[in-house]
Amino acid sequence: MTIPTQEIHLPLLEEAGICLRLRREDLLHPVVSGNKYRKLKYNLEEALKQGYDTLLTFGGAYSNHIPATACAASEKGLRSIGFIRGEELTDSWRDNPTLRYASEMGMQLEFMSRAAYRKKKEKAFLQHLEDRYGRFYLIPEGGTNQLGIRGCQEILQPGDEVYDVIACAVGTGGTLAGISRSVREKQKVFGFPALKGDFLKKDLEGLTPQDNWTLICDFHFGGYGKVTGELIDFINNFKAGTGIPLDPVYTGKMMFGLLKMAEEGRFEKGTKILAIHTGGLQGITGMNGFLRKKNLPLLTV
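Since the model is a prediction, treat every value here as computed from it, not as a measurement. (Residues numbered from 1 in each chain as written. Predicted model: local features only at pLDDT ≥ 70, side-chain atom pairs only at ≥ 80, totals over all residues. Heavy atoms only, no water.)

Our next topic: the pattern of salt bridges. Taken as a whole and judged by the stated rule, the model has 13 salt bridges. Arg23 is the salt-bridge partner of Asp160, the closest N and O atoms lying 2.9 Å from each other. Of this pair, Asp160 sits in the loop between helix H7 (146–152) and strand E7 (165–170) while Arg23 is found in strand E2 (residues 19–23), placing the two residues 137 residues apart along the sequence. A salt bridge links Arg38 to Glu25; the nearest nitrogen and oxygen atoms lie 2.8 Å apart. Linking Arg38 in helix H2 (residues 34–49) with Glu25 in the loop between E2 and H2, this pair joins segments that are 13 residues apart in sequence. Judged on exposure class, the residue Arg38 and its partner Glu25 are both buried. Within this structure, Arg85, Lys120 and Glu141 form a network of salt bridges that share partners. (Salt bridge = Lys/Arg side-chain N within 4 Å of Asp/Glu carboxyl O. Helix = DSSP H or I, 4+ residues; strand = E, 2+ residues; numbered from the N terminus. Buried < 20%, exposed > 50% of the residue type's maximum accessible area, 1.4 Å probe, protein only.)

In structure tokens form, the structure reads like this:
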């Protein structure tokens, strides 16, 4: 499958002598787009191969993974169960466009306290879920497991060896892990965490044996799902100037970071960068609902 790659033409890039292209993985599928398509691909194959009829997974209220899994399960004729972090959503989830869509796709939504949610990897807890809900194929939060990483290894295409740097946003780390396994020897992988904190480094060390990656932790804008007026303006201006929509949780922060680094001279002249658009555009509607309540500028849709 050939995915379009668009060169970003901006004065600051020309002044810095940097070539920046964006791989439009967001165009893979209307809903199951970007890294979610990659992470679910082999997990779905394995679930069907083993004869499962139910997928069970975990995610937050505005998770891209939840609606993607719900849609993918529906397309494959599978049942899906989504455990959502935050029991306070039990009576208000229909006001959330992400969760409402997942429900419309047939996903059974279950809401958990944050304390219970932290047990999601424990064997005893998972056995309790199987006793209650029956046999299921488990897809971890964000879709990051070895099969998800295998799917992300397919993001790079023949000819991508011309790039010096491959950049991606980082959530659970599966996308960066997959890319780090498939780059050429002299290529560098830059990951832009959407979460605040340095725990991701340890997680990534357990996901990939490669040491060709670096986390750029300066552009999380306060943490997961956090935005500022500066970020909103950047995303809107970027779309106006390039025609490319960015999501505010992941790719928007990555692109902001790359352009700020270029402006600050943190790349050598002549550097060729390939940035990966990991999708997540479904989250814009929900984010605009939040911004509207805060009387902040909205993202262009």
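Right, let's talk about the sheet that holds strand E6 (residues 137–139) for a bit. What the four strands build is an open sheet, ordered E5-E4-E3-E6; its pairing is parallel. Each having just a single partner strand, strand E5 (107–112) and E6 make up the two edges of the open sheet. Each strand of the sheet is rotated relative to its neighbour by a mean of 20 degrees, with strand direction disregarded. Where strand E3 (residues 54–59) lies against E6, three bridges are found, and the strand directions are parallel. Within the sheet, the bridge partner assigned to Thr57 lies in E6 and is Ile139. Lying over the sheet, helix H3 (residues 65–75) contacts E3, strand E4 (79–85), E5 and E6, oriented at roughly 170 degrees with respect to E3. Sheet contacts for helix H4 (residues 97–104): E4 and E5; angle to E5, the most-contacted strand, approximately 135 degrees. (Pairing = 2+ DSSP bridges. Axes fitted to C-alpha atoms, helices over the stretch in contact; angles between N-to-C directions. Contact = heavy atoms within 4.5 Å.)

Any functional reading would require information that these geometric values do not contain.
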